[in-house]
Amino acid sequence: HAWKLTGPARNWAGALEFAEVAFRRADEAGIRYIVLGSSGARRAPAGYPPDKARGEFVEFARRLADLLEKRNHRVIVVLEPLSPAECGFFNTVLQGVAMVDAVGSPRVRLLADMFHMFSSHEPGADIVAAGSRILHCHVAERPRTAPGVTGTDLSEYFNAFKQIGYTGGFSLECSWPREGDLPARSALAN
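Residues numbered from 1 in each chain as written. Predicted model: local features only at pLDDT ≥ 70, side-chain atom pairs only at ≥ 80, totals over all residues. Heavy atoms only, no water.

J.: Looking at this structure, I do not really get the nonpolar core. What am I missing?
T.: A general feature of soluble globular proteins is that nonpolar side chains tend to end up buried together. Membership of the largest hydrophobic core comes to 46 residues, with the highest contact counts inside it found for Leu79 and Ile134. Among the elements that make up this core, the one with the highest residue count is helix 3 (residues 50-70) (nine residues). Once residues lying within four places of it in the same chain are set aside, the contact partners of Leu79 are Leu36, Phe57, Ala61, Phe90, Met99, Val100, Val108, Arg109, Leu110 and Leu111. Core analysis: the second largest hydrophobic core is formed by five residues, Tyr33, Val78, Leu111 and Leu135 among them. (Core = buried A, V, L, I, M, F, W, Y, C linked by side-chain atoms within 4.5 Å. Buried < 20%, exposed > 50% of the residue type's maximum accessible area, 1.4 Å probe, protein only. Helix = DSSP H or I, 4+ residues; strand = E, 2+ residues; numbered from the N terminus. Contact = heavy atoms within 4.5 Å.)

Listed below in structure tokens is the structure:
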């Protein structure tokens, strides 16, 4: 987390240099999108105004969008809401909607993380409200296990994605059972 994105110690120049290399390599490898979710990089110091941190993060995302367009990179950046323990100013899908809209570029979109949504009691309706702004989704049960391990009901979220005609990606961001296969009751099997 050498490149802070919010607060008085922010270092956008270093982060943008790193991003340029990452975008070029992503293009070469055929990677469609890169998640901007680092809590360490974007966590503002204690007592820092959340609105100010949010504004700085949006401005940094605008600069990423400008870099993507200027260099004609094909990759898209997706912003990830995190739990309040990980980030004090960007915690919900609806906050992400406001941020993506404020950036105003098709090169910056939104990620929905079912683990964080479930932990924060976010309804599936937030996915519906976000609609086409969402490009990717992380899937995990609470406590961050693979679907079907603890029986966390994620169907509200999957139904919301179905309702919006979602065609973006899903990836599992979770731990796996140490022994044996996933239980047959896996949420993904339904």
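Next comes the rest of the account.
J.: It is not clear to me how the sheet that holds strand 4 (residues 134-139) should be interpreted in this structure. Could you clarify?
T.: Strand pairing in a sheet is mediated by backbone hydrogen bonds. Such pairs are either parallel or antiparallel. Spatially, the five strands line up as an open sheet ordered 1-2-3-4-5, and their pairing is parallel. The strands lining the two open edges of the sheet, one partner per strand, are strand 1 (33-36) and strand 5 (169-172). When strand polarity is set aside, the average angle formed by the axes of neighbouring strands in this sheet is 30°. Inspection of the sheet shows strand 2 (residues 76-79) paired to strand 3 (residues 108-113) by three bridges, in the parallel sense. Considered in strand 3, the bridge of Val77 is made with Val108. Running at roughly 160° to strand 4, helix 7 (residues 155-163) makes contact with strand 3, strand 4 and strand 5 of the sheet. (Pairing = 2+ DSSP bridges. Axes fitted to C-alpha atoms, helices over the stretch in contact; angles between N-to-C directions.)

J.: How should I be thinking about the side chain of Thr145 in this particular structure?
T.: Considering the arrangement of structural elements, one finds Thr145 in the loop between strand 4 and helix 7. For Thr145, a relative accessible area of 12% puts it in the buried group. When residues no more than four places from it in sequence are discounted, the contact partners of Thr145 are Ala140, Thr150, Cys174 and Ser175.

J.: Would you mind showing me how to read the packing of aromatic side chains here?
T.: A ring pair, where both rings are aromatic, is described by two values, the distance of the centres and the angle of the planes. Per the counting criterion, the structure on display carries eight aromatic pairs. Between Trp12 and Phe60, the ring centres sit 6.0 Å apart and the planes meet at 50°, which makes this aromatic pair tilted. In this pair, Trp12 sits in helix 1 (residues 12-29) while Phe60 sits in helix 3, placing the two residues 48 residues apart along the sequence. When its relative accessible area of 12% is taken as the criterion, Trp12 is described as buried. (Phe/Tyr/Trp six-rings, centres within 6.5 Å; stacked < 30°, edge-to-face > 60°.)

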